[in-house]
Amino acid sequence: MLGTHGFQSSIGSKLVTISIMNNKSNLDHAHRDIELIYMIKGNLQVKVNNEILHMNSSDILLVNSNEFHSFQSDKDSLFVVIHFDYSELSALLVQKNLIFTCNSIEHASPYDQELRYVIEELLTIYMKRNNNVLVEFLEKALKLISILKINYLMSRNLEIGNSTVKNQNERLTDIIDYIQSNYHDTVTLEEVARLHYISVPYLSKIFKKQTGKTFSQYLGEIRLAYAVHELENTDKPITRIALDNGFPYLAAFNRVFYEYYHLKPVEYRKKMAKLTKDEEEDTAESHYQEENQALLELERYLSSTTTNRNQTSLETLDIVESQVVRIKNVESLTKYWSKLINIGYAKDILNSDLQEQISTLQNEIGFTYARFWGLFGDDMHIEDESESMIRYNFSNTNKLLDFLIKNRLKPFIELGPKPKIISKTLGEIYIIQTISEKSLEEWKNLTKAFLLHCIERYGFEEVESWYFEIWSEHIDPFTDETQDRNNSSKNIKYQEPSQFEEYFKIFTGFKTIIKEIVPSAKVGGCGLSMELEGDKLDLLLGQWKLEEVQPDFLSVYLYPIEIDRDKTQVPIKNLQSANPNYIANKLNQIRKSLKRTGYEDLELNVTEWNITPVNRDYLHDSCFKATYMVKNIIENLSENKVNMVGYWLCSDIFSDFRDTKNLLHGGAGLLTKSGIKKPSYHAFALLKQLGEILVAKGDNYLVTKKSGDRYQVLCFNYKHFNFSYYLHPEGSTGINEQYDIFENNEPVNLSLEIQGIANGKYRIKELKLNRDHGSILDEWLKFGAVNEMKPDEVEYLKQICVPYMKVEYESVDNHSIFLKGRLQPHEVRLYELNLLLGESNSY
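Residues numbered from 1 in each chain as written. Predicted model: local features only at pLDDT ≥ 70, side-chain atom pairs only at ≥ 80, totals over all residues. Heavy atoms only, no water.

Here's the deal with the overall build of the protein
- Counting secondary structure elements, the protein contains 22 helices and 33 strands.
- Here the protein, with 843 residues, has 54% of them falling under the buried criterion.
- In the protein, of all internal contacts separated by at least 6 residues, the share reaching a separation of at least 24 is 76%.
- Surface exposure of the protein reaches about 37,600 Å², of which carbon and sulfur atoms provide 46%. (Helix = DSSP H or I, 4+ residues; strand = E, 2+ residues; numbered from the N terminus. Buried < 20%, exposed > 50% of the residue type's maximum accessible area, 1.4 Å probe, protein only. Contact = heavy atoms within 4.5 Å. Areas by Shrake-Rupley, 256 points an atom, 1.4 Å probe, with all protein chains shown as cover.)

Next comes the structure, spelled out in structure tokens:
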């Protein structure tokens, strides 16, 4: 007798469905859903494409879409079946043909233990069995999907043997989909072959090879599965059941049915009907008791494993195998990331606390340019209109510029009526200070007077080295007219290029007056956000190319924000990009656009970049931020010809407001408003130690060299977000949950062999930045995350929020040295190797 004890989740989710099984067996069947089986206790025999597998406690098996499978369980077994809707999952992962390789029975993976933990987390939410936990259910489900995607999903770009085999797999998926949709009609091998433009013998051969069944066997089993369901659950005549499910006549149905059940359909129905009403009641009661027993057993199991899940560290894999770095083919390294830093709104820079922090930053890291705006804001009190004509008072600008020049910072001035804005979320902002509108002629007169004053005060050579970026709010002339919800493509309305004329007029006015006075100063624009991309950017640049006055540089902002990502039924609320290579991809797109429009040699400056422009997101305070910065800086070394990138932002003082009474408030600064250095600050400090010669670059490391025999190895363990992160609005993750939103928590075992170095004794300094060393967020949490901090407590955190440091010595006698280390998630590490005694080396 077939057991039918499977209990589905009461939590509504089209993407994921959970069933708890005990004493459950079923016939060979196939379905579009992807099925994950997790064994709790007992034994389960599973047949997948004619291969028999025996599952025991803790085993995991994934059955791909349209694979024929069945299972037979022991009486005391308990297991979980998780179904993923194929269409939803395919859209979510942006991949058409999903094939997973997850089979802990035959092919154990180092990621299996993490997968078990997440399955059990999902089951813990499931056990609450109510719709009040839907968000938590989806969050854990997406975490599970994230792990499957990263560690078990075969890439669509992966060659499966060769392209012919890959094409066969894709074609077979389409054929099985066709069978599933049309099994109740007449479906022949010849028809399917004709529809897919292949020969009948070829289709027959690849179908048998890929499924282990002939075409007719597969089709018959699909029809039989649906027919048996109707036979058990309806009163329809058997002949009607046979015909409705694609069997050409009753005899054909009887023959196939007998092959599987050794009974005729009519005998099977009679046997099923022999249960009396009392027996049915007994069975229902037994089923109820078994369900309660199964759920109780699962609850006990989850309760007993919770402590272990919290205490047991994950098994790890040497994700980075031992790699050889040879000191020979080297090139110069341009530290483009330290050329520019954003220091904010002009009036704020007169704040003594901010000036102290900028001085610290400059002394320890050292930037070339400081970018700011609002120099001619109303609060700088430049214009004196008390008399009949306007007079200019540059006292406050003098204080600002004097301070910068004293600290070896050159001004990078954004000109225009840009207000001071603090982004609480992407959709909620505080406008703190506005700048009065002026006519273009008034702007030109003010700019001219300012430049002449600066030349008189600082000298011509100083002023001609400055940058001027012309800002305007009238730069994106495009609107999205419509978006078909059933089609992810947009119908973009491109307005006339004349819509750019307002900005071009402003830019021409500013640049003309600047060039008249300081011809060598750089003047550019226009602070493009990446909503301007593709054809939009081409149109803007193409029109600009026709103008008489050309830019000296193009400026862009890079924040990894995707405007239209809700392409599935999953309630994605977060606009943060799921693409870990967003920055590199965008820079590549910009470079291609510049080349297409004749601006191939135009200087490109990223004047703002960060993970987000939002100033209320605790990610800014976390160790994740350090690895994000290092990853993107290393990834774009010499790749996209970027002159400089300006980190946003120097200090949290910029975003201090009425809602920021705590020590941390998720500001984008490198330092907190109290002057405590964040992991992002320490990341810049470690990057500063790199040499001027690039030796080697890998997926998560960089090797550089300074003059003499001095080498630097910077490595990191970056983790991108998992899918659960996108269920919540950006910045809404609680302070205690900042490390629960990533793809995994696995360390990286680094092993590098550096060959070609001089023999002798080396002094090796190691600096580690991770959650235990240099993380203000983690130290504040340990401190109790108290709201009111006393001065001595703040000073204490300043002292302990520093990277770990140690020094060792090692002798080299074969021109080779090994560096090995275990990097924790979100860790950045620097090794400095300096030769003390030994031979001179000319490598």
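Brief notes about the sheet that holds strand β10 (residues 323–326)
- Strand order in the open sheet formed by three strands is β10-β29-β32, with mixed pairing between adjacent strands. Two strands in the sheet have a free side with no partner beyond their single neighbour: β10 and β32 (816–823). Sheet twist, expressed as the mean angle between neighbouring strand axes with direction ignored, is 25°.
- Sheet analysis places strand β29 (residues 748–755) next to β32, joined by eight bridges and oriented antiparallel. What sits directly across from glutamine 755, in β32, is serine 816. (Pairing = 2+ DSSP bridges. Axes fitted to C-alpha atoms, helices over the stretch in contact; angles between N-to-C directions.)

Things to note about the packing of helix α21 (residues 776–783) against helix α22 (residues 791–800)
- At their nearest, the axes of α21 and α22 sit 10 Å apart, and the two run at 135° to each other. One element, α21, and the other, α22, form an angle in the oblique class. Handedness of the α21/α22 crossing: right-handed. Across the interface between the two elements, Ile776, Glu779 and Phe783 of α21 pack against Glu793, Tyr796, Leu797 and Ile800 of α22.
- A breakdown of the residues in the contact of α21 with α22 according to their chemical character gives five nonpolar, no polar and two charged. (Parallel < 35°, antiparallel > 145°, perpendicular 65-115°, else oblique. Left-handed = near helix turned anticlockwise from the far one by under 90°. Nonpolar A, V, L, I, M, F, W, Y, C, P; charged D, E, K, R; others polar.)

Structural notes on the environment of alanine 449
- Note that alanine 449 resides in helix α14 (residues 440–458).
- What makes alanine 449 partly exposed here is its relative accessible area of 21%.
- The sequence separation of alanine 449 and tyrosine 392 amounts to 57 residues, and the corresponding C-alpha distance is 7.9 Å.
- With near-sequence residues (within four places) excluded, alanine 449 lies in contact with Tyr392 and Phe394.

Overview of the packing of aromatic side chains
- Applying the stated criterion to the full structure yields 39 aromatic pairs.
- In this structure an aromatic cluster arises from ring pairing among Phe367, Trp609, Phe624, Tyr628, Tyr647, Phe684, Tyr718, Phe721 and Phe742.
- When the ring centre of tyrosine 739 is taken as origin, the NZ or CZ atom of arginine 771, which lies over that ring, is 3.6 Å away.
- We note lysine 820 situated over the ring of phenylalanine 818; from NZ or CZ to the ring centre the distance is 5.8 Å. (Phe/Tyr/Trp six-rings, centres within 6.5 Å; stacked < 30°, edge-to-face > 60°. Lys NZ or Arg CZ within 6 Å of the ring centre and 35° of its normal.)

Concerning the packing of helix α19 (residues 623–635) against helix α20 (residues 679–688)
- α20 packs onto α19 with a crossing angle of 35° between their chain directions and a minimal axis gap of 7 Å. Viewed along their axes, α19 and α20 form a crossing whose handedness is right-handed. Here Cys623, Lys625, Ala626, Met629, Val630 and Ile633 of α19 come into contact with α20, specifically with Pro679, Ser680, Ala683, Phe684 and Leu687.
- Along the lines of polarity and charge, the residues of the contact of α19 with α20 split into nine nonpolar, one polar and one charged.

Considering the pattern of salt bridges
- Summed over all chains, the structure comprises 32 salt bridges.
- Linking glutamate 297 and lysine 41 is a salt bridge whose minimum nitrogen-to-oxygen distance equals 2.9 Å. Residue glutamate 297 is located in helix α11 (residues 277–311), and its partner lysine 41 is located in strand β4 (residues 34–41); the two are separated by 256 residues in the primary sequence.
- Under the relative-accessibility criterion, glutamate 297 is labelled partly exposed at 21%.
- The residue lysine 677 makes a salt bridge to glutamate 364 at a minimum N-O spacing of 2.8 Å. One end of the pair, lysine 677, is in the loop between β25 (644–647) and α20; the other, glutamate 364, is in helix α12 (residues 352–364), with 313 residues separating them in the sequence.
- Residue lysine 677 is classed as partly exposed on the basis of its relative accessible area, which comes to 23%.
- Under the relative-accessibility criterion, glutamate 364 is labelled partly exposed at 36%.
- Residues joined by salt bridges that share partners form a network here, namely Arg371, Glu414, Lys418, Glu469 and Glu608. (Salt bridge = Lys/Arg side-chain N within 4 Å of Asp/Glu carboxyl O.)

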